[in-house]
Amino acid sequence: MGRITTLRPVTRIALGEGVRRRADALSVEEPLEIRIGGTPLAVTMRTPGHDVELAIGFLVSEGVITDRSDFRSAIHCGGPGTGGAENTYNVLDATLAPGVRIPGADETRRFYTTSSCGVCGKASIDAVRTTSHHDVTHDDVTVDAEWISELPDRLRAGQAAFAKTGGLHAAGLFDVATGEQLVIREDVGRHNAVDKVVGWALQEGRLPLRGTVLQVSGRASFELVQKAVMAGIPILSAVSAPSSLAAELAEESGLTLLGFVRGRTMNVYAHEHRVLIDAVTRGDAPVQEGRARR
């Protein structure tokens, strides 16, 4: 299906100028049910497109799979029961490799994720602290703050659907060594955009994602930090604020977390040793104490 945007008639009111009726582009939001071997695992509200990547990334973030060899295939199928129901392309059934442990009924927690929150169905915060197979603590990559400051604009330049609707989040993966933009994905849910990036990386055989930066268009939530750590990404950069729990998890996990990356300013909330600031490292400018500015 791959529908990302749709047109809807709107009435635009400009005070002092008048009323105008026209078509407006909206971001598409539809449910995706993820199944493993026919058994429902999760439902997420997402923007259609790159559904296989989304499912794979979700499975990585939940610790179900860790390597490309763990995943076999995925196919869109019919609705509830799949008994000949119309294929709406909103149900994706994944097949995993023999020997990969599939979560039992008591473990699936009947995930339901919205476009704004990817862990709302979790019973407790302890259940969210999934153990990563990829330790980012010892990733010794360093990045120049100047380069980091450029990433939000590079991400925005790759947001084709956002330019039409203004209603999609984006996640982009950048290689520190080469400066290359590896992949950008958009979705109504910031967590879905990240899952699509991670799913792409697993299919490309790139996990763990050592030496990379994940740039996101919105805030840095706990779930985004978790997904980055589960994929072996050492640095997460966001244009908006992190939550307190996101900062705590980043500190515990060894992930460098940046927020309010806007223009030529940014805040580093955890593991600042990976961010190089030329003037400071040369001793030309003092490190000033005080409250961070937004």
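Just so you know, these numbers come straight off a predicted model, no measurement behind them. (Residues numbered from 1 in each chain as written. Predicted model: local features only at pLDDT ≥ 70, side-chain atom pairs only at ≥ 80, totals over all residues. Heavy atoms only, no water.)

**Q** Before we move on, could you go through unusual backbone geometry and cite the residues and values that matter?
**A** Cis geometry marks the peptide bond from L207 to P208, where omega comes out at 0°. Mapped onto the elements, P208 comes out in the loop between helix 6 (190-203) and strand 11 (212-216). (Helix = DSSP H or I, 4+ residues; strand = E, 2+ residues; numbered from the N terminus.)

**Q** Could you give an account of the confidence of the model for the protein, with specific residues and numbers?
**A** For the protein, per-residue confidence averages 86 on the pLDDT scale, and 80% of positions sit at 70 or higher. Low confidence marks residues 120-125, where pLDDT is under 50. Its contacts with residues over four positions away, or in another chain, come to 10 contacts. (pLDDT = per-residue confidence, 0-100. Contact = heavy atoms within 4.5 Å.)

**Q** Lay out the pairing of strand 2 (residues 18-27) in plain terms, naming residues and giving numbers.
**A** Two strands pair when backbone bridges link them, and strand 1 (residues 5-14) and strand 2 are joined in this way by 10 bridges, in the antiparallel orientation. Directly across from R12, in strand 2, lies its bridge partner R20. Where strand 1 hands over to strand 2, the hairpin turn is made up of 3 residues, of which G16 adopts a positive phi near 85°. (Pairing = 2+ DSSP bridges.)

**Q** Please set out the environment of A241 residue by residue, giving values where relevant.
**A** Residue placement: A241 occurs in the loop between strand 12 (235-238) and helix 8 (244-253). Relative accessible area serves as the criterion here: at 25%, A241 is assigned to the partly exposed category. Counting along the chain gives 20 residues from A241 to V261, while the straight-line C-alpha distance between them is 9.1 Å. The residues contacting A241, other than those within four sequence positions of it, are R219, A220 and F260. (Buried < 20%, exposed > 50% of the residue type's maximum accessible area, 1.4 Å probe, protein only.)

**Q** Please set out the pattern of salt bridges residue by residue, giving values where relevant.
**A** Opposite charge on two side chains lets them pair, provided their charged atoms get close. On inspection of all chains with the given rule, the structure shows 7 salt bridges. For D24, the salt bridge identified is with R22, shortest N-O distance 3.9 Å. For D24, a relative accessible area of 26% corresponds to the partly exposed category. For the salt bridge of K196 with D187, the shortest nitrogen-to-oxygen distance reads 2.7 Å. (Salt bridge = Lys/Arg side-chain N within 4 Å of Asp/Glu carboxyl O.)

**Q** Could you give an account of helix 8, naming the residues involved and the relevant values?
**A** Side chains that are three or four residues apart share a direction in an α-helix, a result of its 3.6 residues per turn. Considered for burial, the residues of helix 8 that qualify are A246, A247, L249, A250 and S253. For helix 8, the arc enclosing every buried residue in end-on projection is 165°, short of the 170-degree limit, so these residues lie on one face. Exposed side chains of helix 8 directed beyond 90 degrees from the buried face belong to S244 and E252. One or two residues past the end of helix 8 sits G254, with phi positive at roughly 85°. (Arc of directions from axis to C-beta.)

**Q** Outline the nonpolar core, supporting the account with residue identities and numerical values.
**A** Counting residues in each nonpolar core, the largest one holds 52 residues, and the members touching the most others are I65, L214, V225, L236, L255 and L257. With 7 residues, helix 6 is the single largest residue contributor to this core. One finds W147, F174, I235 and L258 within the second-largest nonpolar core, a separate group that totals 14 residues. (Core = buried A, V, L, I, M, F, W, Y, C linked by side-chain atoms within 4.5 Å.)

**Q** Which residues make up the packing of helix 1 (residues 51-61) against helix 6, and what are the values?
**A** Two numbers describe a pair of packed helices, the interaxial angle and the distance between the axes. Following both chains from N to C, one finds helix 1 and helix 6 inclined at 90°, their axes separated by 6 Å at the closest point. Between helix 1 and helix 6, the interaxial angle falls into the category roughly perpendicular. Along its contact with helix 1, which presents V52, E53, L54, I56, G57, F58, V60 and S61, the element helix 6 presents N192, D195, K196, V198, G199, W200, L202 and Q203. Grouping the constituent residues of the contact of helix 1 with helix 6 by class yields 8 nonpolar, 5 polar and 3 charged. (Axes fitted to C-alpha atoms, helices over the stretch in contact; angles between N-to-C directions. Parallel < 35°, antiparallel > 145°, perpendicular 65-115°, else oblique. Nonpolar A, V, L, I, M, F, W, Y, C, P; charged D, E, K, R; others polar.)

**Q** Just give me the short version of the pairing of strand 9 (residues 169-175), but keep the residues and values in it.
**A** Most of strand 9 sits inside the fold, with 6 of its 7 residues counted as buried. Where strand 9 and strand 10 (residues 181-187) come together, 6 bridges link them in antiparallel fashion. The residue of strand 10 that forms the bridge with F174 is Q181. Remark: 5 residues form the turn of the hairpin made by strand 9 and strand 10, two consecutive strands paired antiparallel; G179 in that turn has positive phi of roughly 75°.

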